[in-house]
Amino acid sequence: MADIRLDHVGKTYAGGFEAVRDLSLTVPDGCFCVLVGPSGCGKSTLLRMVAGLETITTGTVSLNAQVVNHLEPAQRDIAMVFQNYALYPHMRVYDNMAYGLRNRGVPEAEIASRVAHAAQILDLEDLLTRKPRALSGGQRQRVAMGRAIVRKPQVFLFDEPLSNLDAKLRVHMRVEIRKLQKALGVTSLYVTHDQTEAMTMADLLVVMNKGVIEQIGAPMEIYRTPMSVFVATFIGSPPMNILEATSLGDGVVSIEGHRLLIDQALSLPAGHKVKIGIRPEHLSVQADGFTIHVELVESLGAHQIIHATWGQQKLAMQVETDRVPAQSGQALVVGCAPQHLHVFDAQTGQRLLRDNAS
Amino acid sequence: MVEHRHWSMHVLPHLILGLGVLLVVFPVYLAFVGATLDPATIANGQMGVVPGNRFIENMSRVLLAGAGGSTREPVLHMLWNSFVMAMVIAIGKIVISILSAYAVVYFRFPLRKTAFWVIFMTLMLPVEVRIYPTYKIVADLGMLDTVAGLCIPLIASATGTLLFRQFFMTIPDELIEASQMDGAGPVRFFIDTVLPLSLTSIAALFVIQFIYGWNQYLWPLLITSKDSMQTIVIGIKKMIVTQDALTEWQLAMATAVLAMLPPVLVVVVMQKLFVRGLVETEK
Ligand SMILES: Nc1ncnc2c1ncn2[C@@H]1O[C@H](COP(=O)(O)OP(=O)(O)OP(=O)(O)O)[C@@H](O)[C@H]1O
Ligand SMILES: [Mg+2]
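Reading the values: rules and limits
- Residues numbered from 1 in each chain as written.
- Chains lettered and ligands numbered in written order.
- Predicted model: local features only at pLDDT ≥ 70, side-chain atom pairs only at ≥ 80, totals over all residues.
- Heavy atoms only, no water.
- Helix = DSSP H or I, 4+ residues; strand = E, 2+ residues; numbered from the N terminus.
- Rg over C-alpha atoms; globule rule 2.2 N^0.38 Å.
- Buried < 20%, exposed > 50% of the residue type's maximum accessible area, 1.4 Å probe, protein only.
- Contact = heavy atoms within 4.5 Å.
- Areas by Shrake-Rupley, 256 points an atom, 1.4 Å probe, with all protein chains shown as cover.
- Polar contact = N/O pair within 3.5 Å; in protein donor to acceptor, adjacent residues only side chain to side chain.
- Disulfide = S-S within 2.5 Å.
- Patch = residues over 30% accessible without salt bridge, like charges linked within 9 Å, V, L, I, M, F, W, Y side chains within 5 Å.
- Salt bridge = Lys/Arg side-chain N within 4 Å of Asp/Glu carboxyl O.
- Pairing = 2+ DSSP bridges.
- Axes fitted to C-alpha atoms, helices over the stretch in contact; angles between N-to-C directions.
- Parallel < 35°, antiparallel > 145°, perpendicular 65-115°, else oblique.
- Left-handed = near helix turned anticlockwise from the far one by under 90°.
- Nonpolar A, V, L, I, M, F, W, Y, C, P; charged D, E, K, R; others polar.
- Buried area = accessible area lost by both parts, 1.4 Å probe.
- Domains from an automatic or database assignment.
- Near = heavy atom within 4 Å.

K.L.:
Tell me about the overall build of chain B, and please be specific about residues and values.
P.N.:
For chain B, the count of helices and strands is 13 helices and zero strands. For chain B, the C-alpha radius of gyration of 24 Å lies well beyond 19 Å, the compact-globule estimate for 283 residues. Overall, the C-alpha framework of chain B stretches about 75 × 70 × 30 Å when taken along its three principal axes. Burial status across chain B gives 40% buried among its 283 residues. Restricting the contact set of chain B to residue pairs at least 6 apart, pairs at least 24 apart contribute 71%. Of the roughly 15,800 Å² that chain B leaves accessible, carbon and sulfur atoms contribute 73%.

K.L.:
Could you give an account of the overall build of chain A, with specific residues and numbers?
P.N.:
Across its full length, chain A carries eight helices and 19 strands. C-alpha extents for chain A along the principal axes are approximately 75 × 45 × 35 Å. Here chain A, with 358 residues, has 52% of them falling under the buried criterion. Taking the contacts inside chain A whose residues are at least 6 apart along the sequence as the reference set, 66% of them involve residues at least 24 apart. If you sum the accessible surface of chain A, you get close to 16,000 Å²; carbon and sulfur atoms cover 50% of it.

K.L.:
Any chance you could break down the side chain of Gln-313 of chain A for me, citing the residues and the numbers?
P.N.:
Residues and elements named next belong to chain A. Tracing the chain through its elements places Gln-313 in strand 17 (residues 313–320). At 3.1 Å, the side chain of Gln-313 and the side chain of Glu-256 are in polar contact. Dropping the residues within four chain positions of it, Gln-313 is found in contact with Ile-242, Leu-243, Glu-244, Ile-255, Glu-256 and Ala-308.

K.L.:
Which residues make up the environment of Glu-57 of chain B, and what values go with them?
P.N.:
Residues and elements named next belong to chain B. When you line up the elements, Glu-57 lands in helix 3 (residues 55–65). According to the relative accessible area criterion, Glu-57 is partly exposed, its value standing at 44%. Placed 93 residues apart in sequence, Glu-57 and Leu-150 show a C-alpha to C-alpha distance of 32 Å.

K.L.:
Can you tell me about the state of the cysteines, naming the residues and giving the values?
P.N.:
Scanning the entire structure with this criterion turns up zero disulfides over all chains. In this structure Cys-31 of chain A is a free cysteine whose sulfur lies 5.8 Å from that of Cys-33 of chain A, the closest cysteine sulfur available.

K.L.:
Give a detailed account of a nonpolar patch on the surface, specifying residues and quantitative values.
P.N.:
On the surface, Val-21, Leu-23, Val-24, Val-25, Phe-26, Tyr-29, Phe-32, Val-49 and Val-50 of chain B cluster together to form a nonpolar patch covering roughly 840 Å² of accessible area. The residue Val-21 of chain B is located in helix 1 (residues 7–34) in this model.

K.L.:
Describe the pairing of strand 6 (residues 78–81) of chain A, with residues and values.
P.N.:
Residues and elements named next belong to chain A. Residues Ile-78 and Met-80 point to one face of strand 6 and Ala-79 and Val-81 to the other, with burial holding for every one of them. Bridge count for strand 6 against strand 7 (residues 155–159) is four bridges, and the pairing is parallel. Within the sheet, the bridge partner assigned to Ile-78 lies in strand 7 and is Val-155.

K.L.:
Could you give an account of the packing of helix 4 (residues 75–106) of chain B against helix 8 (residues 159–169) of chain B, with specific residues and numbers?
P.N.:
Helix-helix packing: each pair is described by the crossing angle between the helix axes and the interaxial distance. Residue and element names in this part refer to chain B. Across the interface, helix 4 lies against helix 8 with an axial gap of 8 Å and an inter-helix angle of 45°. The orientation of helix 4 relative to helix 8 falls into the category oblique. For the pair helix 4 and helix 8, the crossing hand works out as right-handed. Every residue of helix 8 that contacts helix 4 at Lys-93, Ile-94, Ser-97, Ile-98, Ser-100, Ala-101, Tyr-102, Val-104, Val-105 and Tyr-106 is listed here: Thr-159, Gly-160, Thr-161, Phe-164, Arg-165, Phe-168 and Met-169. A per-class count over the contact of helix 4 with helix 8 returns ten nonpolar, five polar and two charged.

K.L.:
How would you summarise the interface of chain A and chain B if you had to cite specific residues and measurements?
P.N.:
Counting from both sides, the interface comprises 23 residues of chain A and, opposite them, 17 residues of chain B. Note on chain A versus chain B: buried area summed over both sides is about 1,700 Å², and carbon and sulfur give 58% of it. It is Tyr-88, His-90 and Tyr-99 of chain A in chain A that bury the most area against chain B; as a group they hold 27% of the surface buried on that side. Counting across the interface, chain A meets chain B through two salt bridges. At the surface where chain A touches chain B, the tally comes to ten residue pairs in polar contact (both at pLDDT 80 or more).

K.L.:
Outline the sheet that holds strand 19 (residues 342–345) of chain A, supporting the account with residue identities and numerical values.
P.N.:
All names here are of chain A. With antiparallel pairing, five strands are arranged side by side in an open sheet as 13-12-11-14-19. Bordering the open sheet on either side are strand 13 (258–261) and strand 19, each of which pairs with just one other strand. This sheet shows a mean twist of 40° between the axes of neighbouring strands, independent of strand direction. One ladder, built from three bridges, connects strand 11 (residues 241–249) with strand 12 (residues 252–255); its direction is antiparallel. Its bridge partner lying in strand 12, Ser-247 is registered against Val-253.

K.L.:
Which residues make up the domain arrangement of chain A, and what values go with them?
P.N.:
Residue and element names in this part refer to chain A. Partitioning chain A into structural domains gives domain 1 (4–232) and domain 2 (238–345). Centre-to-centre separation of domain 1 and domain 2, based on C-alpha positions: 38 Å. Together, the buried faces of domain 1 and domain 2 total about 610 Å²; carbon and sulfur atoms form 61% of this surface. Considering only the side of domain 1, the residues that lose the most area to domain 2 are Tyr-223, Val-229 and Ala-232, jointly responsible for 77% of the buried surface there.

K.L.:
I'd love a proper account of the site of ligand 1, names of residues and values included.
P.N.:
Residues and elements named next belong to chain A. With respect to spatial proximity, the complete set of residues near ligand 1 consists of Tyr-13, Phe-17, Ala-19, Ser-39, Gly-40, Cys-41, Gly-42, Lys-43, Ser-44, Thr-45, Glu-160 and His-193. Here Cys-41 contributes a backbone N or O atom positioned 3.2 Å from an oxygen atom of ligand 1. Of the residues in the shell around ligand 1, the class split is four nonpolar, six polar and two charged.

K.L.:
Explain the environment of Thr-200 of chain B residue by residue, including any values.
P.N.:
Assignment of secondary structure puts Thr-200 of chain B in helix 10 (residues 186–214). Separated by 73 residues in the primary sequence, Thr-200 of chain B and Leu-273 of chain B have C-alpha atoms spaced 5.4 Å apart.

K.L.:
Can you lay out the sheet that holds strand 4 (residues 58–63) of chain A for me, pointing to particular residues and giving the numbers?
P.N.:
All names here are of chain A. Spatially, 2-1-4-5 is the arrangement adopted by the four strands of the open sheet, whose pairing is antiparallel. Every interior strand has two partners, whereas the edge strands, strand 2 (18–27) and strand 5 (66–67), have only one. Bridge count between strand 1 (residues 4–12) and strand 4: five bridges; the pairing is antiparallel. What sits directly across from Arg-5, in strand 4, is Ser-62. Seen against the sheet, helix 1 (residues 43–51) touches strand 1, strand 2 and strand 4 and runs at an angle of roughly 120° to strand 1.

K.L.:
Any details on the packing of helix 9 (residues 173–181) of chain B against helix 10 of chain B? Residues and values, ideally.
P.N.:
Residue and element names in this part refer to chain B. Helix 10 packs onto helix 9 with a crossing angle of 150° between their chain directions and a minimal axis gap of 11 Å. One finds that helix 9 runs roughly antiparallel with respect to helix 10. As for the relative orientation of helix 9 and helix 10, their crossing is right-handed in sense. Contacts between helix 9 and helix 10 involve Leu-175, Ile-176 and Ser-179 from the former and Phe-189, Thr-193 and Leu-197 from the latter.

Structural data, given as structure tokens:
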């Protein structure tokens, strides 16, 4: 087992494009770390640098306190699960799993027992003699997992391994992967652009944007205190409402002419432009709130999402079904508890903190 | 729409197909008939479409004793020479082109693009175009009347390299990366993954190149002078003596029929793989 350490890692592609910039991250031993971010933010690039499939332009990657920049992928004792699985099409499932072990000179008897064990864990026992083309997407995914675990590597890398599966299977497999990783205790780096996957699977969540880390933390910590507008809107579903507001001083802001109480410790000067974040699930109907106009109601079964406008600004609200008999065109008076308001600087998009409030 | 086609729509395609088959098959059939006749019938120009009764005799004579004309070599030996040439050309081309395509597609070396374009340009220079310089080189190297001299200049060509390059580019990058993670170097990746995946392309190229090699005429004509090096295509030509009635047509026809058999056999045996190699895109 190992910890992964990235020190000021950067990647500039041949064309001069800077895909990852001065990125530092430590993933402790046995931790399941999820990298999440929009398409093109450099997640795969980062993962491939750890794997050794991409050269590292600046900085160092260490496994177990040993710098591995110059090591070949095979020497790093890492296994990777690819988005399209990358199974060898001409080999049987058994040989797909055995191949890496054979190349390492593991005795055939040992290989047989390891593959049998993996096949049992992943429920692949009946498929061992099939070729990949005779498998369903979910089965291929499990074979790819099997190929990774028979190696007993120090680190697992996953690059969006579930994105080719249908929604139901995805939910099932994400639980399976998490269980498996817990059982094996292997340090893992998992890339996804799906925030639900990120929230549910991560021990440590890393939100990336444009080649840099926006925020690192436990999923709930990031959910509760997003440090920027980007993170606030990226993590959580439906996404957080961001409203333009102006400070009136003394912990009061004005949105659309309505006075809203925020954390007084922020001591914002009057006239300061801010953005107020409110999660849809923290809005509720109450007597002394502000008035919104319902545009559309989406029912998800247990919950419904009410899309509404507040003056010029758009707003979404998530409530339990039947709590609010909302219809489009209707006006509702809603509010939110002050501790659930997130305050960001309008210019920088950064969260305003108590300590260094200027 | 499809189910309710007029009867003529069924007949017409078959008519056209039948006509095409007839056009191709009839001359072949005539050659076969010629190979069964006795010399007198053929010399008198009384050849019909009914086979004679000298088939076995004609065949055994050309195969073992050789026919007339300006060659005395038994056809069995010519068949062997042609077979060797076609095999060496086909296998040599496959080996060279799969290796060069592998280098061009998977390795980043200086002048990689240039190397590819140089190979590509040789498409414009088949043996017929460069025949004098090539002959000179082969002669200077003392390779006249040798298998090497016969085959090596025909092995060099770009078609195979292009075919394999196109095929390799359809192999997903992740497969290489997975191999790398699995500890396979370039040689292992080639043997364990690229070769098995290329099997159908190899079969297709083999069929095409075997027939190409078998049908060679101009180059063997220049490069071989000894009877013992003679290929069957040249042999047939030499059996046909100009103008005179000296030509033993029944023997020439028997030889022609024999010359057709190996390519037909190769196509029939490899047909399934061959077609898959040309159309398959499944990965
Ligand atoms: N070989 C390359 N040469 C040049 N630029 C590249 C190369 N590979 C990736 N990039 C660029 O680097 C950036 C990051 O790519 P990367 O594949 O890491 O994104 P990603 O976060 O994994 O996105 P996705 O979620 O779509 O997979 C992209 O803008 C991409 O265009
Ligand atoms: Mg990616």
